[in-house]
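Each chain, written out:
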Amino acid sequence: MSRIGKMPIAVPAGVTVDIAENNKVTVKGPKGTLERTFPAEISIALENGEIKVTRPNDEKNERALHGLVRTLIHNMVVGVTEGYTKTLELNGVGYRASKSGDTLTLNLGYSHPVIMKDPEGVKTATSENGKTSQTIITVTGIDKEKVGQYAAEIRSKRGPEPYKGKGLKYADEVIRRKVGKSGKK
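Since the structure is predicted, the reported quantities are computational estimates derived from the model, not experimental observations.

## Some details on the overall build of the protein chain
Across its full length, the protein chain holds 2 helices and 15 strands. Rg of the C-alpha trace for the protein chain: 21 Å, well past the compact-globule value of 16 Å for 185 residues, more than 25% over. Each principal axis of the C-alpha distribution contributes one length, and for the protein chain these read about 70 × 45 × 25 Å. Counting only residues that meet the buried cut, the protein chain has 35% of its 185 residues in that class. Distance between charge centroids for the protein chain: 13 Å, based on 31 positive and 21 negative side chains.

Dropping the structure here:
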């Protein structure tokens, strides 16, 4: 039995969960609304303020989906109550980020600035603890997938390199540094 799949999901106050036909789950909360359709093999039930996910049998496909569906629904509940945040850091001389409207402009050592438009449901900010910062980018939203995907797209514009550590990296990411070549003595 899936350890993750059999754990119930507590629905906090202020959050409404609607389970329609074809396993279409809609979660509404203070930050917004998320909806998603799940495979029909997995049964989803709302009872006593908890969401329970069960599978019909122990076939490999159902076992794989059981924990996945439970985690995705949990991520939806957390997203509409707390939201998700990813923080990126810029390291390097002249590397800067600026924000105007829904456009993020990155100066990453290329001959041109990299301009990115925020996708729907995701916001970026270039501030740290209320202060404007040119080296910190914060990506926020209620959908964990969209936040992570957009943060990964931003990071891919200039990933960190292992010698000097220049580039875009996640705030909690540790770069494995390499020793550069040494000259003759």
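Continuing now.
## Concerning the sheet that holds strand β11 (residues 122-125)
Read across the open sheet, the 4 strands follow the order β11-β14-β7-β15; overall the sheet is antiparallel. The sheet is open, and its two edges are formed by β11 and β15 (167-170), each paired on a single side. Each adjacent strand pair in this sheet contributes to an overall mean axis angle of 25°, direction not counted. Judged from the 4 bridges that link them, β11 and strand β14 (residues 136-141) form a sheet pairing that is antiparallel. Along β14, the bridge assignment pairs T124 with V139.

## Focus: the sheet that holds strand β3 (residues 24-29)
As summarised here, the arrangement of the 3 strands in space is β2-β3-β4, forming an open sheet in which the pairing is antiparallel. The sheet is open, and its two borders are formed by β2 (16-20) and β4 (32-37), each paired with just one other strand. Neighbour-to-neighbour, the strand axes of the sheet open up by a mean angle of 10°, direction not taken into account. Of the strand pairs in this sheet, β3 and β4 are connected by 6 bridges, and their pairing is antiparallel. Looking at the pairing, K24 lines up with T37 of β4. Sheet strands touched by helix α1 (residues 60-81): β3 and β4. Its angle to β4, the strand with the most contacts, is close to 170°.

## Thoughts on unusual backbone geometry
Phi at N22 takes a positive value of approximately 60°, unusual for a residue other than glycine. Structurally, the position occupied by N22 is in the loop between β2 and β3. Looking at N22, the relative accessible area reads 60%, which means it is exposed. The phi dihedral of N48 falls on the positive side, at around 55°, and the residue is not glycine.

## Looking at the pairing of strand β8 (residues 96-100)
The sheet contact formed by β8 and strand β9 (residues 103-107) spans 5 bridges and is antiparallel. If you follow K99 over to β9, its bridge partner there is L104. The hairpin turn running from β8 into β9, its antiparallel successor, is 2 residues long, and G101 in that turn takes a positive phi close to 65°.

## Describing the environment of T26
Structurally, the position occupied by T26 is in strand β3. Looking at T26, the relative accessible area reads 12%, which means it is buried. The sequence separation of T26 and T37 amounts to 11 residues, and the corresponding C-alpha distance is 8.8 Å. Here T26 is in contact with T16, V17, D18, T33, L34 and E35, once residues within four sequence places are set aside.

## Brief notes about the packing of aromatic side chains
Scanning the model with the defined rule gives 0 aromatic pairs in all. Its end group placed over the ring of Y170, K86 keeps NZ or CZ at 5.0 Å from the ring centre. We note R158 situated over the ring of Y110; from NZ or CZ to the ring centre the distance is 4.3 Å.

Basis of the calculations
- Residues numbered from 1 in each chain as written.
- Predicted model: local features only at pLDDT ≥ 70, side-chain atom pairs only at ≥ 80, totals over all residues.
- Heavy atoms only, no water.
- Helix = DSSP H or I, 4+ residues; strand = E, 2+ residues; numbered from the N terminus.
- Rg over C-alpha atoms; globule rule 2.2 N^0.38 Å.
- Buried < 20%, exposed > 50% of the residue type's maximum accessible area, 1.4 Å probe, protein only.
- Lys, Arg positive; Asp, Glu negative; His and termini not counted.
- Charge placed at Lys NZ, Arg CZ, Asp CG, Glu CD.
- Pairing = 2+ DSSP bridges.
- Axes fitted to C-alpha atoms, helices over the stretch in contact; angles between N-to-C directions.
- Contact = heavy atoms within 4.5 Å.
- Phe/Tyr/Trp six-rings, centres within 6.5 Å; stacked < 30°, edge-to-face > 60°.
- Lys NZ or Arg CZ within 6 Å of the ring centre and 35° of its normal.

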